[in-house]
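Understanding the architecture of this molecule
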Amino acid sequence: MTGRDRILAVLAGQQPDHIPCMPITMTFAADISAVKYLQYVRDHRIMAEAQIRTAEAFGLDYVSTISDPTREAADLGASIQWYDDRPPAIIEGQALFADKAALGRMEPVDHVRGNRMEDRIRGIELLRERAGSELFVEGWVEGPCAEGADLRGINRLMMDFSDDPEFVHDLFDFTLQIAIGFSTEQIQAGADIIGVGDAAASLVGPRIYKEFVWPWEKRLVDSIHKDGGRVRLHICGNTRRILDGMGALGCEMVDIDYPVPMELARSQTGQLQTLTGNMDPVRELRNGSPEAIARSLEAQQLQAGAQWIVAAGCEVVRDTPHENLRAMVEFAQTHAPAA
Amino acid sequence: MTKSVELYDAILNGDAKKAHAATQAAIEAGVEPLTLISESMVPAMDEVGRLFEEEEYFVPELLLAGRAMKSSMELLRPLMTASGEKLSAKVVIGTVKGDQHDIGKNIVASMLEGSGFDVIDLGVDVSAEAFVAAIKEQNPQFVCLSALLTVTMPAMKTTIDALSNAGLRPRVKVLIGGAPVTGQYAKEIGADGYSENASGAVVLVRSLLAEA
């Protein structure tokens, strides 16, 4: 069974040969390939090579084009701080929509002409061509709330929910259109699944999530499904109070980060929801021992049940000992999904 | 009665305009700024912190409460400067070099300011040299370092080392925080304390002050 078949089996509710393993690797993968992260995020060929090398070296079941949250924002004209060997970051003080009126002046974006978005699309094509028969290929878009935070400035957005609800809906309508266009292109390029990263949603409570965030996430999920794609929802952080909403989106896969007990995630999202996670990437996966990692995964499996994919709650940090990631993969490869 | 219920409620509800008006009314009624801070502002921010811990409040509510508190402080600061009144301790805070994330740092800064401390916020991407300069200039009792990324955490150690090299380390307590930061890491790099959230940071500063 290939990694791709293994993941597809779990998503179909069938029994794979063993549990799939899908930890997010970004800077870790760049290090495995001995490239600077700036090269990784700017050249899809370097990213694809690093992803394939990492998947092969550790036995991961997938490859991904997730790299940083600034691809869409950069192509829209936002100010980005570039670093030689770490992910680029939005400069919030110069946020594109710091002035709310700037939203109304925006022109529609051509997703394949934008430099950084096109690079991801080309990355998906290359990964599909080089590894797609064996490994599950993941695309990535920023969710409506996360992209809204990138463009408006996260501090401003958090207060906009109260100060100017109408603007928030206009903003999320704009970011939704970006995400829909970008995800459509990625599905056409061959992505098996689209990761929707909406981390900013973990900062709001259930009221704001249901009123402002969920409806726009739902439209994105429905659009991806309409395009024939699958969705991996990734809201890292403490999502305890919005789990029911996350489970109601209809995503094929929902990532759970370490602050959320897997048991709670299972009870809130239902038995049929495939959950991914949720090892603490720093305290357990990086700082722990292989033995402790195996014990932690045993406990996670008991709580998560059958519809579960092994992963860390968020990105595998770059200085994670290789034997620790190997211990995570070994657990997956030596365990069948719970009955 | 010196407590302004209106100010307390305005901060708790994140209403900056009402907080400003309530502060103005209290000043006109003759309430001393430090009394207003200790009787209304600090209890309100304590309650905000409690509600956050209980997962009744979330980041938007914290930021709104912080903004309401600042609108009150805008009126109180000039009065305190004029009368020579001082807050209980001074804190310099910033996100370390290479890190652009500031929402966690902003919440900690607000909670500390609303808890009656004089907070100097240096912003994001703050170099070790800038921390050193600010500490020389401001002479704080505490310096708080924030990092959201594992790749920027080493800048915390760089900053602490720079404080030591400048001979400033004995003068300030260094506290660190941020999602990937741990108590173990704080010990490894020679920080004086670590907190996993804003309420904990307030408790930590208060407890270290009590020990001093």
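As the structure is a computational prediction, the values presented were derived from the model and not from experiment. (Residues numbered from 1 in each chain as written. Chains lettered and ligands numbered in written order. Predicted model: local features only at pLDDT ≥ 70, side-chain atom pairs only at ≥ 80, totals over all residues.)

**Thoughts on the overall build of chain B**
Keep this limit in mind: Numbering goes from the N terminus for both helices and strands, where a helix is a DSSP run of H or I of at least four residues and a strand is a run of E of at least two. In this description, any two residues whose backbone-derived C-beta atoms lie within 7 Å of each other are considered to be in contact.
Tallying secondary structure elements over chain B gives nine helices and five strands in all. Along the chain direction, N to C, the helices and strands of chain B fall in the order α-α-α-α-β-α-β-α-β-α-β-α-β-α. In chain B, once contacts between residues fewer than 6 apart in sequence are set aside, the share between residues at least 24 apart is 75%.

**Digging into helix H3 (residues 33-53) of chain B**
Residues and elements named next belong to chain B. Counted only if it meets this: By definition here, a helix of n residues has an expected span of 1.5 Å times n minus one. Take the seven residues that end at a residue and the seven that start at it, fit an axis to each, and the angle between those axes is the bend at that residue. Using C-beta atoms placed from the backbone, we call a residue buried if 20 or more other C-beta atoms fall within 10 Å of its own, exposed if 12 or fewer do, and partly exposed for counts in between.
Across its 21 residues, H3 extends 28 Å between first and last C-alpha, which sits within 8% of the 30 Å expected from 1.5 Å per residue. The largest bend in H3 comes to about 30 degrees, at Met-41, with the proline Pro-43 one to four residues further on. Taken together, the buried positions of H3 are occupied by Pro-33, Leu-36, Ile-37, Ser-40, Met-41, Ala-44, Met-45, Val-48, Gly-49 and Phe-52. Against helix H1 (5-12), helix H2 (16-28), helix H4 (59-83), helix H5 (103-114) and helix H9 (198-211) lie the buried residues of H3. The first or second residue beyond H3 is Glu-55, which carries a positive phi of 60 degrees.

**Let's talk about the interface of chain B and chain A**
Inclusion rule: In this count, Pro and Cys sit with the nonpolar residues alongside Ala, Val, Leu, Ile, Met, Phe, Trp and Tyr, while Asp, Glu, Lys and Arg are called charged and the others, Gly among them, polar.
Contacts between the two partners involve 17 residues from chain B and, on the opposite side, 24 residues from chain A. Of all elements in the fold, only H4 and H5 of chain B reach the threshold of two or more residues within the side of chain B that touches chain A. When residues of the side of chain B that touches chain A are assigned to their parent elements, the largest contribution, five residues, is made by H4(B). A class-by-class count of the residues in the side of chain B that touches chain A yields eight nonpolar, six polar and three charged.

**Thoughts on the domain arrangement of chain B**
Residues and elements named next belong to chain B. Note the threshold: These domain boundaries are the output of an automatic or database domain assignment.
Partitioning chain B into domains gives domain 1 (5-83) and domain 2 (90-211). One C-alpha centre belongs to domain 1, the other to domain 2; they are set 24 Å apart. Across the boundary between the two partners, domain 1 contributes 14 residues, which contact 11 residues of domain 2. Of all elements in the fold, only H3 and H4 reach the threshold of two or more residues within the side of domain 1 that touches domain 2. Take the side of domain 1 that touches domain 2: its biggest share by element is eight residues, from H3.

**Some points on the pairing of strand E2 (residues 118-121) of chain B**
Sheet faces and side chains relate simply in a regular strand, where the side chains alternate between the two faces. Residues and elements named next belong to chain B. Here is the rule: Strands are treated as partners if at least two bridges between them are detected by DSSP. For a crossover, the right-handed case is the one in which the path from the first strand over the helix to the second runs clockwise, viewed with the strands pointing away from the viewer.
Burial along E2 is one-sided: Val-119 and Asp-121 are buried, while Asp-118 and Ile-120, pointing the other way, are not. In this sheet, E2 lies alongside strand E1 (residues 90-95) in parallel orientation, the contact comprising four bridges. When the sheet's bridge partners are listed, Val-92 is paired in E2 with Ile-120. With H5 bridging E1 and its parallel neighbour E2, the resulting β-α-β unit is right-handed.

**Describing the sheet that holds strand E5 (residues 193-197) of chain A**
All names here are of chain A. Note the following rule: All axes are obtained by fitting lines to C-alpha atoms, using only the stretch in contact for helices, and the reported angles, taken between N-to-C directions, cover 0 to 180 degrees.
With parallel pairing, the seven strands of this open sheet are ordered in space as E1-E4-E5-E6-E7-E8-E9. Both outer strands of the open sheet, strand E1 (62-64) and strand E9 (308-312), are each paired with one neighbouring strand and no more. Going across the sheet, the axis of each strand differs from the next one's by a mean of 25 degrees, ignoring polarity. Sheet topology places strand E6 (residues 231-234) next to strand E7 (residues 253-256); two bridges connect them, and they run parallel. Across the sheet, the residue bridging to Arg-232 is Met-253, located in E7.

**Observations regarding the pairing of strand E3 (residues 142-146) of chain B**
Residues and elements named next belong to chain B. Burial within E3 is extensive, with five of its five residues counted as buried. Alternating residues of E3 divide into Phe-142, Cys-144 and Ser-146 and Val-143 and Leu-145, and every residue in both groups is buried. Sheet topology note: the E3/strand E4 (residues 173-177) ladder contains five bridges and is parallel. Bridging from a neighbouring strand, Phe-142 pairs with Lys-173 of E4.

**Side note on the environment of B:Met153**
All names here are of chain B. Tracing the backbone shows Met-153 in the loop between E3 and helix H7 (154-165). Sequence spacing of Met-153 and Met-80 is 73 residues, and the spatial spacing of their C-alpha atoms is 37 Å. Apart from residues no more than four positions distant in its own chain, Met-153 is found in contact with Ala-147, Pro-180, Val-181 and Tyr-185.

**Here we look at the sheet that holds E3(B)**
Residue and element names in this part refer to chain B. Overall, parallel pairing links the five strands, which are arranged E2-E1-E3-E4-E5 in an open sheet. The open sheet is flanked by E2 and strand E5 (193-194), the only strands paired with a single partner. Where E1 and E3 come together, five bridges link them in parallel fashion. Residue pairing in the sheet places Val-92 in a bridge with Val-143 of E3. Here helix H6 (residues 128-138) sits on the sheet and contacts E1, E2 and E3; the angle it forms with E1, its principal contact strand, is near 165 degrees.

**Considering the packing of helix H9 (residues 154-163) of chain A against H4(B)**
Two packed helices can be described by the angle between their axes and the distance between those axes. Operational definition: Geometric relationships in this document are graded by angle, where less than 35 degrees denotes roughly parallel, more than 145 denotes roughly antiparallel, 65 to 115 denotes roughly perpendicular, and other angles denote oblique.
The geometry of H9(A) relative to H4(B) is characterised by a closest axis approach of 9 Å and an angle of 90 degrees between their N-to-C directions. Taken together, the axis directions place H9(A) and H4(B) in an arrangement best described as roughly perpendicular. In this structure, H9(A) uses A:Asn155, A:Met158, A:Met159, A:Phe161 and A:Ser162 to contact H4(B), whose residues at the interface are B:Val59, B:Pro60, B:Leu63, B:Leu64 and B:Arg67. The residue makeup of the contact of H9(A) with H4(B), split by class, is seven nonpolar, two polar and one charged.

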